[in-house]
Structures are given as C-alpha cells and as structure tokens.
Amino acid sequence: MSTDFQSGREALGARLSELRAETGLNGKEFAERLGWQRSKVSRLQNGRQTATPDDLQAWAGASGRPEACAELLARLRGLESQQRHWRRQLAAGHAPVQDRYVVEYRRTATMRGYEATVIPGLFQTPDYARQLLAQNADLMNSPRDTDAAVQARVRRQEVLYEPGKLFRVLIWEAALHAVVGTRETMAGQLDRLVGLIGMSTVELGIVPLSTSMGITPKHGFWIFDEERIIVETINTELQYDSADDLALYGRVWDRLHAAAAYGPQAHRLIARARGAIAAA
C-alpha cells in the first residue's frame with residue numbers, strides 16, 4: 001500500500017476519532033451504539049481499515065452529526081483517487097499494466113485525451129511502443145517484458161475499430177518532432193497518424209506550435225466517459241472523478257481543441273514533422 005494512500009486513510013481515521021470524541025463516548029461505547037465490533041471502530045480510527053460509504057454514514061449518524069457525512073464521503077473519494085505509483089504497478093512488468101488498460105478502454109464509449117510530449121499509446125506503432133516501453137523499464141528498474149507489453153498495447157488499439165466508440169484526441173505538435181528510436185521508427189509512427197485521420201471512431205487534432213492558444217499546453221490527461229480523469233506523471237498515475245475536476249479538465253481540453261488543426265491541416269503538420277525528421 002502506498003505511503004500516500006495510507007497517510008490519507010490515517011487522516012480520515014483521525015477525523016472519525018474527533019467526531020467520536022465529541023460524543024463523550026469511548027471506543028467500546030461508540031461501537032455499541034453502532035452495533036459494531038469494538039475492533040472495527042479501532043481499525044477505522046487508526047487507519048488500518050478503509051471505511052465504506054455506509055460506514056461513514058453510520059458514523060456521522062452515531063456522532064449526532066449527520067451533516068458531517070458529506071465531508072467524510074468527500075475525504076473517502078479523495079482517498080480512493082490517490083496516486084498509483086508506477087514503481088508498485090510495474091513490480092510485475094509493463095504487460096499487466098497494459099492488460100488493465102485494455103479492459104478500461106473496452107468499457108469506455110467516449111474519451112477525450114491530450115498529449116504534449118508523446119504519441120498516445122492508443123495510436124502507437126509496435127516499433128514506437130517498443131522503444132518507449134524499453135526506455136521506461138530501464139528508468140524504473142522494472143522487469144523487462146517489452147514484447148508482452150507491446151502486444152498488450154497493440155491489443156488496446158482494437159477498440160478503435162469498434163462501432164459506437166469515439167476517441168477525441170489532441171496532440172501538441174512538439175510530440176511529432178520528438179524522435180523516439182530511429183528515423184524509420186518515427187516515419188512509420190507519423191504515417192500511422194495520417195492513417196487515423198478520417199476514421200469514424202477517431203477525431204484527431206494537432207495543436208500547432210505557432211497557434212495562438214487560450215491556455216498553455218501543460219501535461220497530458222485523459223477523460224473517460226466524462227466520469228473520471230487519468231493523469232500520468234513520471235512516477236505516478238493520478239485519478240480524479242469529482243465534478244469540479246471533470247469540469248476543469250473539460251475546460252482545458254475545450255481550449256486546446258479550439259486551437260487544434262484537423263483534417264487536411266493536421267495532415268500537413270504531420271507531413272512537415274516527417275520531412276523535418278527525414279532531413280535531420
């Protein structure tokens with residue numbers, strides 16, 4: 001369990017302890033009021049057990065503070081959206097992580113995404129993906145299961161051909177010029193992007209370097225079915241699902257979308273990057 005997750009659980013437990021103390025009851029008496037085992041009250045207060053929404057509702061009621069339930073549930077949501085550190089996720093290699101993404105993408109109908117520094121995994125060629133996954137395995141000192149991870153990443157792309165799906169993806173033009181592997185690898189990757197333009201399930205936009213933007217590019221992010229957001233950093237995967245976060249990231253995506261080039265204009269930007277890399 002991550003330190004961040006445990007710290008958050010302990011903070012929630014401390015808040016529960018405060019509410020219990022305000023009643024003047026000790027742990028045993030409070031457990032009796034709830035009809036629980038005393039050990040459960042102790043585990044929740046000390047951060048050794050994760051509360052359920054029902055637990056928090058019952059706790060707030062037993063404390064005589066039903067209005068505190070909303071605050072407790074917000075804390076729980078924050079706890080549940082804590083970081084998933086890559087070191088922990090990659091302990092068994094990259095393939096299991098890629099397999100998880102295969103499942104997540106299959107159950108997603110609509111996705112909005114943005115990448116500033118790399119071609120999204122959903123669009124990567126096997127050669128491009130192999131370079132990135134091998135580099136990351138070296139960086140993270142994780143098991144080197146590159147071939148299996150590449151196969152899983154390619155399986156993820158099968159969702160692009162499923163009717164009813166829609167992937168609205170923005171890429172900052174700089175990512176087209178960041179050479180991963182050989183020039184031949186990049187040429188193949190850029191050709192792959194061109195082939196995606198016009199697909200019924202893909203709306204690919206390129207945010208030009210020279211455009212006037214309503215917001216700076218910042219980091220990449222993905223919005224799944226307008227229900228949750230995933231942000232990847234160097235060491236951590238972050239997940240958010242609050243209405244405020246969804247609205248904020250939605251506004252960021254909208255502003256980038258307004259600055260993006262599509263169709264023939266996007267094709268020209270990709271061709272320009274291909275020519276620049278070939279001439280380098």
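Residues numbered from 1 in each chain as written. Predicted model: local features only at pLDDT ≥ 70, side-chain atom pairs only at ≥ 80, totals over all residues. Heavy atoms only, no water.

Once that is clear, we can look at the overall build of the chain. Per the secondary structure count, the chain includes 13 helices and seven strands. Once the C-alpha set of the chain is aligned to its principal axes, its extents read approximately 75 × 40 × 35 Å. A total of 280 residues make up the chain; the buried ones form 46% of that total. The long-range fraction of contacts in the chain, counting pairs at least 24 apart against all pairs at least 6 apart in sequence, stands at 74%. For the chain, the computed accessible surface area is about 13,500 Å², with 51% contributed by carbon and sulfur atoms. Distance between charge centroids for the chain: 1 Å, based on 35 positive and 33 negative side chains. (Helix = DSSP H or I, 4+ residues; strand = E, 2+ residues; numbered from the N terminus. Buried < 20%, exposed > 50% of the residue type's maximum accessible area, 1.4 Å probe, protein only. Contact = heavy atoms within 4.5 Å. Areas by Shrake-Rupley, 256 points an atom, 1.4 Å probe, with all protein chains shown as cover. Lys, Arg positive; Asp, Glu negative; His and termini not counted. Charge placed at Lys NZ, Arg CZ, Asp CG, Glu CD.)

Note that strand S2 (residues 110–115) and strand S3 (residues 166–172) share six bridges and pair parallel. Paired with glutamate 115 across the bridge in S3 is isoleucine 171. Examined bridge by bridge, S3 and strand S4 (residues 202–207) share six bridges and lie parallel to one another. Bridge pairing in S4 links leucine 170 to glycine 205. (Pairing = 2+ DSSP bridges.)

We now examine helix H13 (residues 263–279). Taking 1.5 Å as the rise per residue, H13 with 17 residues should run 24 Å; its terminal C-alpha atoms sit 25 Å apart, in good agreement. Inspection of H13 places Ala266, Leu269, Ile270, Ala273 and Ile277 among the buried residues, and these make up the whole buried set. Summarising the axial view, the buried residues of H13 lie within an arc of 95°, below the 170-degree limit, and thus occupy one face. Opposite the buried face of H13, at more than 90 degrees from it, the exposed residues are Pro264, Arg268, Ala278 and Ala279. Where H13 is buried, its residues meet helix H10 (174–177), helix H11 (183–196) and S4. (Expected span 1.5 Å × (residues − 1). Arc of directions from axis to C-beta.)

By secondary structure assignment, the location of threonine 185 is in helix H11. The contacts of threonine 185, once residues within four sequence positions are left out, are Asp127, Tyr128 and Val180.

Turning our attention to unusual backbone geometry. Residue asparagine 141 is not a glycine yet carries a positive backbone phi of 55°. Residue classification places asparagine 141 among the exposed residues on the basis of a relative accessible area of 65%. Unlike most non-glycine residues, aspartate 225 shows phi in positive territory, near 50°. Looking at the secondary structure, you find aspartate 225 in the loop between strand S5 (221–224) and strand S6 (228–232). Note on aspartate 225: relative accessible area 24%, which makes it partly exposed.

Among the nonpolar cores identified, the biggest contains 34 residues, and Phe123, Ile171, Leu176 and Leu193 are the most heavily contacted of them. Mapped by element, the contributors of at least two residues to this core are helix H7 (94–106), helix H8 (126–140), S3, H10, H11, S4, S5 and H13. It is H13 that provides the largest number of residues to this core, a total of five residues. Those residues in contact with isoleucine 171 that lie beyond four places of it in its chain are Glu115, Pro120, Phe123, Leu176, Leu193, Leu204, Gly205, Ile206 and Val207. Grouped together as the second largest cluster of nonpolar side chains are 19 residues, Leu12, Leu34, Ala51 and Trp59 included. (Core = buried A, V, L, I, M, F, W, Y, C linked by side-chain atoms within 4.5 Å.)

The next point concerns the pairing of S2. S2 sits mainly inside the fold: five of its six residues count as buried. The pairing of S2 with S5 spans four bridges and is classified as antiparallel. Bridge assignment links tyrosine 114 to a residue of S5, and that residue is phenylalanine 221.

For the rest of this paragraph, the subject is the environment of leucine 190. As for its position among the elements, leucine 190 is in helix H11. Taking relative accessible area as the criterion, leucine 190 reaches 0% and is therefore assigned buried. Put simply, leucine 190 and glutamine 131 are 59 residues apart on the chain and 15 Å apart in space, counted from C-alpha to C-alpha. Once residues within four sequence positions are removed from consideration, leucine 190 is found in contact with Leu176, Ile270, Ala273, Arg274 and Ile277.

Let's shift gears to the packing of aromatic side chains. Going through the model one piece at a time under the given rule, you end up with six aromatic pairs. Seen from their ring centres, phenylalanine 30 and tryptophan 59 are 4.8 Å apart, and the 55° between their planes marks the pair as tilted. Within this pair, whereas phenylalanine 30 is found in helix H2 (residues 27–34), its partner tryptophan 59 is found in helix H4 (residues 53–62), the two being separated by 29 residues in sequence. The two residues phenylalanine 30 and tryptophan 59 agree in class, both being buried. Between tyrosine 240 and tyrosine 249 the ring centres are 6.4 Å apart and the planes differ by 20°, which places this aromatic pair in the stacked class. Given the relative accessible area of 13%, tyrosine 249 is considered buried. Pairwise contacts between aromatic rings join Tyr114, Phe221, Tyr240 and Tyr249 into one cluster. Above the plane of the ring of tryptophan 36 lies lysine 40, whose end atom (NZ or CZ) is 4.1 Å from the centre. If you follow arginine 156 out to its NZ or CZ, it ends over the ring of tyrosine 105, 5.0 Å from the centre. (Phe/Tyr/Trp six-rings, centres within 6.5 Å; stacked < 30°, edge-to-face > 60°. Lys NZ or Arg CZ within 6 Å of the ring centre and 35° of its normal.)

Coordinates in, geometry out; function isn't part of it.
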